[in-house]
Amino acid sequence: MHIEQLYKEAQKLSTKQLRDDIVQHLHERSHLLCQEGITYNKAKKDTKTEKLDAIFTSPIFGFPIMMIMLGTVFYITIAGANVPSSLLADFFGWLESQLTALFTFLHAPEWLHGMLILGLFRGTAWVIAVMLPPMAIFFPTFALLENYGYLPRVAFNMDRLFKKVGAHGKQSLTMAMGFGCNAAAVISTRIIESPRERMLAILTNNFVPCNGRWGTLIVFASLFMAAGFTGGMKSLVTTGILVGIVLFGILITFFVSWFLSKTALKGIPTHYTLELPPYRKPKIFDTVIRASATKSWSVLVRAVKVAAPAAILTWVFANIYIGDSSILLHAVNFLDPFGRLLGLDGYIMMAFILGLPANEIVLPILLMGYLSTGSLTEVKSMVDLKKIFLDHGWTWLTALNMMLFSLLHYPCGTTLVNIYKETKSKKWTFMAFLIPTVIAIVIPLMITQTVRFFGWI
Amino acid sequence: MGNEYRIALAGNPNTGKSTLFNALTGLRQHTGNWAGKTVSLAQGSVEYKNKTFQFIDLPGTYSLFSNSKDEEVARNYIVFEKPDVTLVVLDATSLERNFNLALQVLEMTKNVIICINLIDIAEKQGIEIKERLLTNRLGVPVIKISARNKIGFPLLLDTIDRIVTGAIECQPLVLQYPDEIEEKIRQIEPHVRAIVGDHVSARWVALRLLDGDESLLDEINRLITLKGAS
């Protein structure tokens, strides 16, 4: 008899339960061995970890605690970033006027001033002012939770949900990584053993907003969604909106995972062992320093590196004329009808297209687009910032759609490159681009058409 | 080179397997590639009583069900490359989880040594391990070590020596499954033996076939072709 034939015979004999029975039996035997072969003398067994696990991974409290933790991290980030962000904006506004004065003093040509100050300086200054403070708070806070040992518990809690949609529990860990950077998270999916479930994790990772999109989400949530509130309440509402956005992204993750595992990526989730390490008091100082120094700084450097050339390019496009309008305006006018359909506009669509290399630059490009054509308002504070958007016909609906599009749209260039490197498949890389794009178009379209149909706006 | 022996190191991740490997072999290491696999395994040698022990550091895994590439590499090495001795490194502070892997290795191969590592930390935590009792239960030597402090190395090397010279005969525990599964194994096992002979454990192959391990078929076919050629 051939081995293949024998395999078929064996499979006929086998049941779906068999693997579970084998694993169960191994566990029982291990337990028995430990009971006989090990004694705990000082009763020093780690009861603290067990007690905490009973709370953190409890079926009742597990999820509420997760929500609260997530909300707390966001709240600290938003509330804490407000003041330094506006201080930085003020500082850069002052610096800009000083630099302009210097250029005038040197009789520098107008185009040079435009390109370097209005293009390069403004673009990068905004990236820094808007993104640095939230990042400098978000990363260390998140790192503290991570070092404390809470994240594996999140994976444990989420496991059941992921299994239900046919995905792998470890996907929640790669998602947590995605909050920092989707490109890094795609590489981190290597911890998922089965290729099928790994593909699910790769294709859906994008629905977790990376730090490049945090800036955008935080700015619009606080400018438009929490506009009627002030002080602490404002931060709280902004937090609520952000938690909602993140939950929506997770919902989409589940939906897409479920859909794919019923269609293109059929299969049953595999077994795996998740190590729940003991809780450790994190070295707070070390963690904070390391997280701010390495993560925040490197992300910022990357953002500036990409934003600087993009800023110059945008300024150039906005100032080279073909016929009676600039290249930028031609592109904007071309994209405008489609953008309007989604409750957005041509500038926003163009910002997202030019923002393909990095999500960090979407907002600066959008701002420069608006500034280059509208009135030459100097953006010195957050209030001025809102005025620019209002001048271009923004409403809460535009802001909501912008946030949703940012949450759901195609991954950035770096992430796509990593997806190709990890999957070695052009087809799946294209799918990783296509799936989010379709969703990012369909959802704002539905929302906008519904809102307009009912005349809510 | 009749006195060179291959010793494979298996174990869960984070059990100090690589610490043990490094402590034993020092700088006498190199990285070897294995036929048909792009995964490379670190190797290092130790001279002991006129013998050369080649240690091979297998990937750290929680199980050997071939869920992942790592598990497949470790499993294939133990079963098909047939090292002279397989060391299973366990973490003394979480033995219950670690024993799973040890039990799986015992099903796959005969010459096994169970190394309970991190014994210094376990003792601090008040965990007392009766290695004699475990040796009796498992049918293979159980040794307590601390790779970091190089505790237990002489006994470990001596035990390896005595296994390869045949002074110790390992009789690994045969894990009995519920009757229902045992019955199925009984039906498959003789057919497996007819195909693979004594080269690999027929009982283990039978279990894996029942479990639906398709990747094993290729390995067995390769084994049969090799045997046919020689």
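Cut-offs applied
Residues numbered from 1 in each chain as written. Chains lettered and ligands numbered in written order. Predicted model: local features only at pLDDT ≥ 70, side-chain atom pairs only at ≥ 80, totals over all residues. Helix = DSSP H or I, 4+ residues; strand = E, 2+ residues; numbered from the N terminus. Buried ≥ 20, exposed ≤ 12 C-beta atoms within 10 Å, placed from the backbone. Contact = placed C-beta atoms within 7 Å. Pairing = 2+ DSSP bridges. Core = buried A, V, L, I, M, F, W, Y, C linked by C-beta atoms within 7 Å. Axes fitted to C-alpha atoms, helices over the stretch in contact; angles between N-to-C directions. Parallel < 35°, antiparallel > 145°, perpendicular 65-115°, else oblique. Left-handed = near helix turned anticlockwise from the far one by under 90°. Nonpolar A, V, L, I, M, F, W, Y, C, P; charged D, E, K, R; others polar. pLDDT = per-residue confidence, 0-100. Expected span 1.5 Å × (residues − 1). Right-handed = clockwise from strand over helix to strand, strands pointing away.

In the nomenclature of an unreviewed UniProt entry, chain B corresponds to Iron transporter FeoB from the organism Neobacillus kokaensis.

Under an unreviewed UniProt entry, the name given to chain A is Iron transporter FeoB, and the source organism is Neobacillus kokaensis.

### Observations concerning the overall build of chain B
On a plain count of helices and strands, chain B comes out with nine helices and eight strands. When each of the 230 residues of chain B is scored for burial, the buried share is 43%. The contacts in chain B between residues at least 6 apart in sequence include a share of 65% that link residues at least 24 apart.

### Regarding the overall build of chain A
When you go through chain A residue by residue, the secondary structure sums to 19 helices and three strands. When each of the 457 residues of chain A is scored for burial, the buried share is 42%. Expressed as a percentage of contacts within chain A between residues at least 6 apart in sequence, the contacts between residues at least 24 apart total 75%.

### A few points about the interface of chain A and chain B
Each partner contributes to the interface: chain A provides 35 residues, whereas chain B provides 36 residues. Elements that contribute at least two residues to the side of chain A that touches chain B include exactly helix 1 (3-13), helix 2 (18-37) and strand 1 (38-40) of chain A. Of all the elements, helix 2 of chain A adds the most residues to the side of chain A that touches chain B, at 14 residues. Bridge analysis of strand 1 of chain A against strand 7 (residues 127-129) of chain B gives three bridges, and the strand direction is antiparallel. Bridge pairing in strand 7 of chain B places Thr39 of chain A opposite Glu128 of chain B.

### Description of the nonpolar core
Residues Ala351, Leu366 and Met403 of chain A are the most contacted members of the largest nonpolar core, which totals 106 residues. When residues of this core are assigned to their parent elements, the largest contribution, 13 residues, is made by helix 5 (residues 110-148) of chain A. When near neighbours in sequence (up to four residues on either side) are disregarded, Ala351 of chain A contacts Val362, Ile365, Leu366 and Gly369 of chain A. Among the nonpolar cores identified, the runner-up in size contains 74 residues, and Ala10, Leu101, Ile129 and Val164 of chain B belong to it.

### Some points on the packing of helix 10 (residues 211-225) of chain A against helix 11 (residues 231-262) of chain A
Residues and elements named next belong to chain A. At a minimum axis separation of 9 Å, helix 10 and helix 11 run at an interaxial angle of 125°. It follows from the interaxial angle that helix 10 and helix 11 lie oblique. Relative to helix 11, the crossing made by helix 10 is right-handed. Contacts between helix 10 and helix 11 pair Leu217, Ile218, Ala221, Ser222 and Met225 from the former with Lys234, Val237, Thr238, Ile241, Leu242 and Ile245 from the latter. Partitioning the contact of helix 10 with helix 11 into residue classes produces eight nonpolar, two polar and one charged.

### Quick notes on the packing of helix 2 of chain A against helix 3 (residues 95-108) of chain B
Where helix 2 of chain A meets helix 3 of chain B, the closest approach of the two axes is 8 Å, and the angle between their N-to-C directions is 120°. In terms of orientation, helix 2 of chain A and helix 3 of chain B fall into the oblique class. The interaxial crossing formed by helix 2 of chain A with helix 3 of chain B has right-handed handedness. Touching Leu26, His27, Arg29, Ser30, His31, Leu33 and Cys34 of chain A of helix 2 of chain A are Leu95, Glu96, Phe99, Asn100, Leu103 and Gln104 of chain B, all from helix 3 of chain B. Residues that form the contact of helix 2 of chain A with helix 3 of chain B fall into these classes: six nonpolar, five polar and two charged.

### What to know about the confidence of the model for chain B
In this model, chain B carries a mean pLDDT of 87, and residues with pLDDT of at least 70 account for 91%. Among the prediction metrics, the complex's ipTM stands at 0.88, with pTM recorded as 0.64.

### So, helix 10 of chain A
Helix length check: helix 10 of chain A (15 residues) gives 20 Å between terminal C-alpha atoms against 21 Å at 1.5 Å per residue, within 8%. Most of helix 10 of chain A sits inside the fold, with 14 of its 15 residues counted as buried.

### Concerning unusual backbone geometry
Residue and element names in this part refer to chain B. Backbone geometry places Lys49, a non-glycine residue, at a positive phi of 45°. When the 10 C-beta atoms within 10 Å are taken as the criterion, Lys49 is described as exposed. The backbone of Lys150 shows a phi angle near 55°, a positive value even though the residue is not glycine. On the secondary structure map, Lys150 appears in the loop between strand 8 (142-144) and helix 6 (153-164).

### A word on the pairing of strand 6 (residues 112-117) of chain B
All names here are of chain B. With respect to burial, strand 6 is a largely interior element, six of its six residues being buried. Residue alternation in strand 6 divides its side chains into two sets, Val112, Ile114 and Ile116 and Ile113, Cys115 and Asn117, and both sets are buried. Across six bridges, strand 5 (residues 85-91) lies against strand 6 in parallel orientation. Residue pairing for strand 6: Thr86 is matched across the bridge by Val112. For the handedness criterion, the β-α-β arrangement of strand 5, helix 3 and strand 6 is classed as right-handed. The pairing of strand 6 with strand 8 spans three bridges and is parallel. When the bridges of strand 8 are listed, Ile116 appears paired with Lys144.

### Considering the environment of Pro83 of chain B
Residues and elements named next belong to chain B. One can find Pro83 in the loop between helix 2 (69-81) and strand 5. Given 20 C-beta atoms within a 10 Å radius, Pro83 is considered buried. Separated by 75 residues in sequence, Pro83 and Ala8 have C-alpha atoms that sit 6.1 Å apart. Once you skip the residues sitting within four places of it in the chain, Pro83 turns out to touch Arg6, Ile7, Ala8, Ile56 and Ile78.

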